[in-house]
Amino acid sequence: MRIASGIVVLTAVLGGACSAPAPAPAVAPAPAAPAESPAERGAYLVTVGGCDDCHTPKVFGPEGMKLDMARRLSGHPAAEKLPPTPAGVLGPDKFGALTNAHLSAW
């Protein structure tokens with residue numbers, strides 16, 4: 001009787017172990033992207049944001065207007081005087097904005 005009850009217990013233990021779900025295989029974490037430096041992130045944002053269009057003075061040459069990269073993102077040159085705004089140009093039923101040829105002063 002002891003042998004029979006031992007076999008029943010052993011069968012129950014082994015049967016339970018065999019019917020238990022197998023543990024899920026370990027999944028390796030995805031490799032982390034390389035960290036981007038703040039300077040690299042800023043350069044990317046300036047490029048996709050089009051910051052140079054308004055904040056970088058332009059130079060005019062035979063090929064047309066180009067960005068003056070020696071003065072990149074420096075804004076409107078203080079030495080360049082703006083022409084006076086014509087009377088009656090700005091208003092609710094007129095133009096809403098004026099700019100210079102460099103697009104650096106609005």
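None of the values given here were measured: they were computed from a predicted structure.

### As for the overall build of the protein chain
Summing up its helical and strand segments, the protein chain has three helices and two strands in all. Across the 106 residues of the protein chain, 12% fall into the buried class. Look at the contacts in the protein chain between residues 6 or more apart in sequence, and 28% of them connect residues 24 or more apart. Here the protein chain has roughly 8,600 Å² of accessible surface; of this, 69% comes from carbon and sulfur atoms.

### Brief notes about the environment of Asp 53
Residue position: Asp 53 is located in helix α3 (residues 51-55). Classification of Asp 53 by relative accessible area gives partly exposed; the value is 45%. Not counting the four nearest positions on each side in its chain, Asp 53 is found in contact with Lys 58, His 102 and Leu 103.

### Focus: the confidence of the model for the protein chain
In the predicted model, the protein chain carries a mean pLDDT of 82, and 79% of its residues have values of at least 70. Averaged pLDDT values for the elements of the protein chain fall to 54 in helix α1 (residues 2-19) and rise to 94 in helix α2 (residues 38-49).

### Some thoughts on the side chain of Asp 52
Along the polypeptide, Asp 52 turns up in helix α3. On the basis of relative accessible area, Asp 52 is assigned to the buried category, the value being 9%. Leaving out residues up to four positions away in the same chain, Asp 52 has contacts with Val 46, Lys 58, Leu 67, Arg 72 and Leu 73.

### Topic: α2
Over its twelve residues, α2 runs 16 Å from end to end, which matches the ideal 16 Å to within 8%, given 1.5 Å per residue. Once α2 finishes, Gly 50 follows within two positions and takes phi at roughly 70 degrees, a positive value.

### Side note on a nonpolar patch on the surface
Together, Tyr 44, Leu 45 and Val 48 make up a nonpolar patch on the protein surface, roughly 290 Å² of accessible area in all. Within the secondary structure layout, Val 48 lies in helix α2. Accessibility expressed as a relative area gives 55% for Val 48, which makes it exposed.

The rules behind the values
Once a new chain begins, its residue numbering starts again from 1 and follows that chain's sequence as written. Given that the model is predicted, a residue must reach a pLDDT of at least 70 before its local features are reported, and side-chain atom pairs must reach 80 or more before they are shown or counted; all residues, however, enter totals for whole chains, interfaces and linings. Working from all heavy atoms in the structure, the side-chain values ignore hydrogens and water. Think of it this way: any DSSP run of H or I at least four residues long counts as a helix, any run of E at least two long counts as a strand, and we number them from the N terminus. Remark: exposure states derive from per-residue accessible area (1.4 Å probe, protein chains only) relative to the maximum for the residue type, with buried under 20%, exposed over 50%, and partly exposed in between. In this description, contact between two residues means that some pair of their heavy atoms is separated by no more than 4.5 Å. The Shrake-Rupley method, run with a 1.4 Å probe, gives the accessible areas here. Residue values count only the displayed protein chains as cover. What pLDDT reports is the predictor's confidence in each residue, on a scale of 0 through 100. The span expected for a helix works out to 1.5 Å for each residue beyond the first. Residues enter patches when their relative accessible area tops 30% and they take part in no salt bridge; the joining distance is 9 Å for like charges and 5 Å for the nonpolar side chains Val, Leu, Ile, Met, Phe, Trp and Tyr. The working definition used for a salt bridge is a side-chain nitrogen of Lys or Arg within 4 Å of a carboxyl oxygen of Asp or Glu.

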